[in-house]
Number of protein chains: 2
Amino acid sequence: MDEQTTKGHEVTCLKADLICVGDEILNGLIENTNAGFLSRRLWSQGIVVRETAVVADERDSIGDALERGLEKSEIVIITGGLGPTDDDLTREALSSVLDLPLVLDDCWLQEIKHFFSQRGIEMPDNNRKQAMLIKGSKLLPNPAGTAPGALLEHNGRLIIMLPGPPNELKAIYDQSVKPYLKEYNRGSVFKLKTLKCAGIGESMLEEKIKAIGEWDLPPLSFVARGLEVHLQLKGQGDPAEAAETIERAEEKLRGALGDYIYGSDDETLAGTVAELMQKNRATLALAESCSGGLLSSMITDVPGSSVFYLGGLVTYTEKAKAKLLGIDEKLLKKEGAVSEKVTRQMAEKARSSLGTTFGLAITGIAGPESDASGKPVGLVYIAAVNDNGSSCKELNLGGGRLTIKERASQVALNMLRKMLLSTPPDLQSS
Amino acid sequence: MDEQTTKGHEVTCLKADLICVGDEILNGLIENTNAGFLSRRLWSQGIVVRETAVVADERDSIGDALERGLEKSEIVIITGGLGPTDDDLTREALSSVLDLPLVLDDCWLQEIKHFFSQRGIEMPDNNRKQAMLIKGSKLLPNPAGTAPGALLEHNGRLIIMLPGPPNELKAIYDQSVKPYLKEYNRGSVFKLKTLKCAGIGESMLEEKIKAIGEWDLPPLSFVARGLEVHLQLKGQGDPAEAAETIERAEEKLRGALGDYIYGSDDETLAGTVAELMQKNRATLALAESCSGGLLSSMITDVPGSSVFYLGGLVTYTEKAKAKLLGIDEKLLKKEGAVSEKVTRQMAEKARSSLGTTFGLAITGIAGPESDASGKPVGLVYIAAVNDNGSSCKELNLGGGRLTIKERASQVALNMLRKMLLSTPPDLQSS
């Protein structure tokens, strides 16, 4: 379906072509996560991605894709091929297609030299290449590496170059490209909002949405991500109309789904939990076994998490459970490490060792083999404890080792979220 | 560089274009994992992926990409757009570009009806569309859904259609496409091997490779992944020739790069460390601060890691450092939590608390804000300790919070790897 013509009246909507350069993507050495990131960012700013192409580190392939993109879309974003080595050819291909020379940006050359000298290394000669820019383009500083981004308005087209490493690309996009596009794209309105759900499966979610009845709004897209389901709402028209469409859809969905919706857009389950923890002035200690530190890592991905997350223990073996947490060795022998009683005790011990509001613990068999007990791979216990007592959940998770680690951590976060939502108001304001 | 002409003599090498159809990929709601899967499968069968395109659910966009693919490559694989709904247009676009009619496959229609009746539902009328095939094509049964794949040899080109859901696509590929391509591509042999390096930057690595001198082998591709660099070696020709090319390239690279190479292909740094730990019958305890559990999670991603990794502590706050690890509070006050002395003590306390061969600790400022000490974001200390004493590294890492967590964990793993490699042989065999 053509996004631009789904409504009766004309909508001005900028189109973008993405060109991702790199043999390593074409031969499957790395996944092309940049395309997904850029697509989500562009759509959220009202820019439709017309086509994404992945091309080889070859001048002609880059050039062909570039010519195609410039012909069909107002914006072309090229990622990758901006490194210091001989097979980094994006600059050269662009220079040749646009018939514009490459010029040295002396300031950035100094930045590169500084980058190396800070690390006690002299700049290798080939890095000089990274300070070469297409004439007339604006340099976009790279806070995380030596390849800068660049942006060029040329013959009514906007061309944006970004380095391939995802962390560098993301940093440059958010710091420089996003504000630039906000100005550039004043006229067009196309809005996208993602509502994120946890604790409900895709089928049950669909039934709840069907139960809403009449749906006179743009169709919804769903996608399951691990144990979460994400729902995408679209609005278009003039700014007020687009916003109103999304608002109406969101209201209907929130009515039907309630607390299953934990957040929207860039929010994460861990981020939502972090916000609730701070709002409740609560603190947390963890004890992880089969999740092996992943839950802790998900929580510490949230900036400022040290305000509420005091610390955790990865008691990966029985020895660690006994020595670090002081779990009763008789209980360990009798019930086995993967058991409701041990998990509850782990949550309690973690909580008491740091004097926190909440203690949260995970045990389980992540596989590929079971432990000495012979309990099935995928069996997981999650316990949460606070002043009101403790609760424990038994799960049977499918998928491999990494999936089990991830899903167990997601369920633990959602369990904590639900406890925080049910915390009495007087405790919340204390 | 054209893959087909890198060698002096002619090598027949089939090229493939991938076309992934779907608005949900273009707007970033789902990641395009099909492209990576197909790329890896094709390359492993000696077929080079020339270009991957992601296009919208629009007849013209699909048609344009198809014409381009048929012009440039011997094989075109189209994924997605084979569902039962009105915006599934792949069949129609193909029929129009090839000027071939769609015909009903009665056998598959019965399969679809059976699929629904098994679930106690009558087949919705629009699913009939999924039994329509381009005239002359061979149906590829779908063991997991109602959209079959199809395969058509036409004017010297091979066109393969596969449904978009990854589990269905993978099942059809492995069951029907792979054996077909094996016959189809008898002539060509093309092999790939990836060598993975740690502890060396991309530029310095390139200089070391240049110092090898004459390089009469296929050009190398590099990719930086965090603090690792991956090198891809290619061999082509007949099977023996391809294998020999890779062997010679690997030998030269191992001579030049030595222990910077930690592994190959699917091996990970954590996996290599796990192997060395087990070979040395060594055990490990961790104390993490700024990496927040990520290092522990990377280690526990490796199956069987509980053999050597006894447990760890995520001492995310000063309170946790004092209470859980027993770090000297005076030292914490005097030196600050992010300091060499505290980090060494953390490694020692982690080691002694579980009686392990190695203790490994990370502290640092992951940002976005500094701590009370005002030390710079990105300052990280990593300490490792064993019977021979302790060593400590000071790093200044760039990038955001997540990058700092990841890189600190990578450096810690590599530090442990180097200590394990230098362990005296008598200890190794004990």
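Our focus in this paragraph is the overall build of chain A. When helices and strands are counted, chain A shows 15 helices and 17 strands. Counting only C-alpha atoms and orienting by the principal axes, one finds that chain A spans roughly 75 × 65 × 45 Å. Scored against the burial criterion, the 430 residues of chain A give a buried share of 49%.

What follows deals with the nonpolar core. A general feature of soluble globular proteins is that nonpolar side chains tend to end up buried together. Counting 238 residues, the largest nonpolar core has A:Ile19, B:Ile19, B:Leu284, B:Ala412 and B:Leu416 as the members making the most contacts within it. When residues of this core are assigned to their parent elements, the largest contribution, 9 residues, is made by helix H14 (residues 401-421) of chain B.

Residue and element names in this part refer to chain B. With antiparallel pairing, 4 strands are arranged side by side in an open sheet as S10-S11-S9-S12. Unpaired on one side and paired on the other, strand S10 (221-225) and strand S12 (261-264) mark the two borders of the sheet. Taken pair by pair, the neighbouring strands of this sheet meet at an average axis angle of 25 degrees, ignoring direction. Both strand S9 (residues 190-198) and S12 contribute to a ladder of 3 bridges, which runs antiparallel. Bridging across to S12, Cys 197 finds its partner in Ile 261.

This part covers the interface of chain A and chain B. Contacts between the two partners involve 69 residues from chain A, matched on the other side by 71 residues from chain B. The element that contributes the greatest number of residues to the side of chain A that touches chain B is strand S2 (residues 48-55) of chain A, accounting for 7 residues. Classifying every residue of the side of chain A that touches chain B by side-chain character gives 29 nonpolar, 27 polar and 13 charged. The sheet contact formed by strand S14 (residues 309-314) of chain A and strand S14 (residues 309-314) of chain B spans 3 bridges and is antiparallel. The residue bridging A:Val314 from the neighbouring strand is B:Gly312, located in S14(B).

This next bit is on the environment of A:Leu379. Along the polypeptide, A:Leu379 turns up in strand S16 (residues 379-386). Those residues in contact with A:Leu379 that lie beyond four places of it in its chain are A:Val338, A:Gly364, A:Ile365 and A:Asn396.

What follows covers the domain arrangement of chain A. All names here are of chain A. By the assigned domains, chain A splits into domain 1 (3-184), domain 2 (190-264) and domain 3 (280-429). Centre-to-centre separation of domain 2 and domain 3, based on C-alpha positions: 31 Å. Counted by class, the side of domain 2 that touches domain 3 contains 3 nonpolar, 2 polar and 2 charged residues.

For the rest of this paragraph, the subject is unusual backbone geometry. All names here are of chain A. Of note, the amide linkage connecting Gly 367 to Pro 368 takes the cis form, showing an omega dihedral of 5 degrees. Note that Pro 368 resides in the loop between strand S15 (358-364) and S16. Phi angles above zero are rare outside glycine, and Arg 281 is one such case at about 50 degrees. As for its position among the elements, Arg 281 is in the loop between helix H9 (269-279) and strand S13 (284-288).

So, about the environment of B:Glu340. Residue and element names in this part refer to chain B. Along the chain, Glu 340 falls in helix H13 (residues 340-354). For Glu 340, a count of 15 C-beta atoms within 10 Å puts it in the partly exposed group. With 100 residues separating them along the chain, Glu 340 and Ala 240 place their C-alpha atoms 53 Å apart. Among all residues touching Glu 340, those that are not within four sequence positions of it are Tyr 381, Cys 392 and Glu 394.

Now for helix H6 (residues 166-184) of chain B. Remark: the principal bend of H6(B), roughly 45 degrees, maps to B:Tyr173. Among the structural elements, helix H2 (33-44), strand S3 (75-79), strand S6 (138-140), strand S7 (149-154) and strand S8 (157-162) of chain B are those in contact with the buried residues of H6(B).

Let us look at the pairing of strand S11 (residues 228-236) of chain A. Residue and element names in this part refer to chain A. Burial analysis of S11 places 7 of its 9 residues in the buried class, the great majority of the element. With 9 bridges connecting them, strand S9 (residues 190-198) and S11 associate as antiparallel partners. Within S11, the position partnered with Leu 195 by the bridge is Leu 231. The sheet contact formed by strand S10 (residues 221-225) and S11 spans 5 bridges and is antiparallel. Its bridge partner being in S11, Arg 225 is matched across the sheet by Glu 228. The loop that links S10 with its antiparallel partner S11 comprises 2 residues; one of these, Gly 226, has a positive phi angle of about 60 degrees.

A few words on the confidence of the model for chain A. Residues and elements named next belong to chain A. In the predicted model, chain A carries a mean pLDDT of 89, and 95% of its residues have values of at least 70. Taken as a whole, residues 1-11 scores under 50 in pLDDT and shows 11 contacts with residues more than four places along the chain or in a different chain. Confidence drops under a pLDDT of 50 for residues 425-430, and excluding neighbours within four residues, the segment shows 5 contacts in the predicted structure.

Glancing now at the environment of B:Glu329. Along the chain, the position of B:Glu329 falls in helix H12 (residues 329-335). For the pair B:Glu329 and B:Thr245, spaced 84 residues apart in sequence, the C-alpha separation works out to 59 Å.

What follows covers helix H3 (residues 59-72) of chain B. All names here are of chain B. Across its 14 residues, H3 extends 20 Å between first and last C-alpha, which sits within 8% of the 20 Å expected from 1.5 Å per residue. Buried within H3 are the following residues: Ser 61, Ile 62, Ala 65, Leu 66 and Gly 69. All buried residues of H3 fall inside an arc of 130 degrees around its axis, so they share one side. Pointing more than 90 degrees away from the buried face of H3 are the exposed residues Glu 67 and Glu 71.

Reading across the sheet, the 12 strands line up as S6(A)-S7(A)-S8(A)-S3(A)-S1(A)-S2(A)-S2(B)-S1(B)-S3(B)-S8(B)-S7(B)-S6(B) and stay open at both edges, with mixed pairing between neighbours. Single-partner strands in this sheet number two, and they are strand S6 (138-140) of chain A together with S6 of chain B. Within the sheet, the average angular offset between the axes of one strand and its neighbour, ignoring direction, is 15 degrees. Note: strand S3 (residues 75-79) of chain A against strand S8 (residues 157-162) of chain A, 5 bridges, orientation parallel. Residue pairing in the sheet places A:Ile77 in a bridge with A:Ile160 of S8(A).

To continue, consider the pairing of S13(A). Residue and element names in this part refer to chain A. Most of S13 sits out of view: 5 of its 5 residues are buried. Along S13, one buried face is formed by Leu 284, Leu 286 and Glu 288 and the opposite face, lined by Ala 285 and Ala 287, is buried too. For S13 and S14, the ladder comprises 5 bridges, and the chain directions are parallel. From the neighbouring strand, Leu 284 faces S14, where its bridge partner is Tyr 309. Note: S13 against S15, 5 bridges, orientation parallel. Note on S15: the bridge partner recorded for Ala 287 is Ala 361.

What counts as what
Residues numbered from 1 in each chain as written. Chains lettered and ligands numbered in written order. Predicted model: local features only at pLDDT ≥ 70, side-chain atom pairs only at ≥ 80, totals over all residues. Helix = DSSP H or I, 4+ residues; strand = E, 2+ residues; numbered from the N terminus. Buried ≥ 20, exposed ≤ 12 C-beta atoms within 10 Å, placed from the backbone. Core = buried A, V, L, I, M, F, W, Y, C linked by C-beta atoms within 7 Å. Pairing = 2+ DSSP bridges. Axes fitted to C-alpha atoms, helices over the stretch in contact; angles between N-to-C directions. Contact = placed C-beta atoms within 7 Å. Nonpolar A, V, L, I, M, F, W, Y, C, P; charged D, E, K, R; others polar. Domains from an automatic or database assignment. Bend = angle between axes of the 7 residues up to and from the residue. pLDDT = per-residue confidence, 0-100. Expected span 1.5 Å × (residues − 1). Arc of directions from axis to C-beta.

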